[in-house]
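A structural walkthrough
The residues making up each chain are set out below.
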Amino acid sequence: LLENNIILGTALVDMYAKCGLLTKAQEVLEDLPLRNVISWNALIAGYAQEEQGHEALNCLAQMRREGHVPNEITFTCILKACGSIGAVDKGQEIHDEIIYGGFLEKHIELGTALVDMYARCGIFAKAWQILKELPVQYVASWNALIAGYTQQGYYDEALDCFGQMQSEGLSPNEVTFVSILNACSHSKKLDEAQMYYENMSQKYGIIPKLEHHTCMVVAFG
């Protein structure tokens, strides 16, 4: 069934990748008589999701050698991979390729992926620049920046960013509050953590989940 059915082959790669069986996914991909950029994207996405950035970059290189041209999904996954391993130089190369190909105008989600990559690598000036230049700003883009500040230990900056996001007219979501509660917890701002935790449901109508409860346990601890 796999001899002439690229859709079925891609589905198998995607299934194994999403189940975390990345070695098996790569074996299936390499054995396929037919594969395309969608097949490669399934494997690259799996590696990126598991934060195996080097493997994702190796897949991109092999894909290019086969003559397949990356698309916006490829770039989104590769930027995530670069952020996970701090490969900012490679991320900047991908950024240049995105601009040269005119992808950013057509695929706004790439803007968020770029903000996330630069923030994870600690290049906050560049992350801010991209965020401000986006034609449409989404909560996800701000979340990427706030999370980057929190992950890098810049907790006050994360809270300032949270305030600026709201001044732009954007309401936080449950992902935002994971980063904000983490920032408060690690900077020992217990009163602020309690305030944000209560505001989640009272002000924003967001029901706290396990991640938010865990943040508060850490804060009180």
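Residues numbered from 1 in each chain as written. Predicted model: local features only at pLDDT ≥ 70, side-chain atom pairs only at ≥ 80, totals over all residues. Heavy atoms only, no water.

**Examining the side chain of Asn41**
- Within the secondary structure, Asn41 sits in helix 3 (residues 37–49).
- Within the structure, the side chain of Asn41 is placed 3.1 Å from the side chain of Asn71, a separation counted as a polar contact.
- Apart from the residues within four sequence positions on either side, Asn41 is in contact with Asn71, Ile73 and Thr74. (Helix = DSSP H or I, 4+ residues; strand = E, 2+ residues; numbered from the N terminus. Polar contact = N/O pair within 3.5 Å; in protein donor to acceptor, adjacent residues only side chain to side chain. Contact = heavy atoms within 4.5 Å.)

**So, the pattern of salt bridges**
- In this structure the tally under the stated criterion is 9 salt bridges.
- Between Arg120 and Asp116 there is a salt bridge, and its shortest N-O distance comes to 3.1 Å. Taken together, the residues span about one helical turn, with Arg120 and Asp116 both in helix 8 (residues 109–120) at a distance of 4 residues.
- If you follow the salt bridges from partner to partner, you end up with Glu51, Asp116 and Arg120 in one network. (Salt bridge = Lys/Arg side-chain N within 4 Å of Asp/Glu carboxyl O.)

**Points about the nonpolar core**
- In terms of nonpolar packing, the biggest core is built from 68 residues, with Val13, Leu43, Ile78, Leu79, Ile98, Leu145 and Tyr196 touching the most fellow members.
- Leu43 has contacts with Val13, Leu22, Ala25, Gln26, Leu29 and Cys59, leaving out every residue within four places of it along the chain. (Core = buried A, V, L, I, M, F, W, Y, C linked by side-chain atoms within 4.5 Å. Buried < 20%, exposed > 50% of the residue type's maximum accessible area, 1.4 Å probe, protein only.)

**Let's talk about the packing of aromatic side chains**
- Applying the stated criterion across every chain, the model contains 8 aromatic pairs.
- Taking the centre distance of 4.1 Å and the plane angle of 10° together, the rings of Phe124 and Tyr149 count as stacked. On the criterion of sequence distance, the pair formed by Phe124 in helix 9 (residues 124–133) and Tyr149 in helix 10 (residues 139–151) is long-range, its members being 25 residues apart. Judged on exposure class, the residue Phe124 and its partner Tyr149 are both buried.
- Ring pairing ties together the aromatic residues Phe162, Phe177, Tyr196 and Tyr204, which thus form one cluster. (Phe/Tyr/Trp six-rings, centres within 6.5 Å; stacked < 30°, edge-to-face > 60°.)

**Observations regarding helix 10**
- Between its first and last C-alpha atoms helix 10 spans 18 Å; for 13 residues at 1.5 Å apiece the expected length is 18 Å, and the two agree.
- With 11 of its 13 residues buried, helix 10 lies for the most part within the structure.
- The set of residues buried in helix 10 consists of Val139, Ser141, Trp142, Asn143, Ala144, Leu145, Ile146, Ala147, Gly148, Tyr149 and Thr150.
- If you follow the buried residues of helix 10, they end up packed against helix 8, helix 9, helix 11 (155–167) and helix 12 (174–186).
- Just downstream of helix 10, Gly153 is the residue with a positive phi angle, here 90°. (Expected span 1.5 Å × (residues − 1).)

Read these as spatial facts, not as claims about activity.
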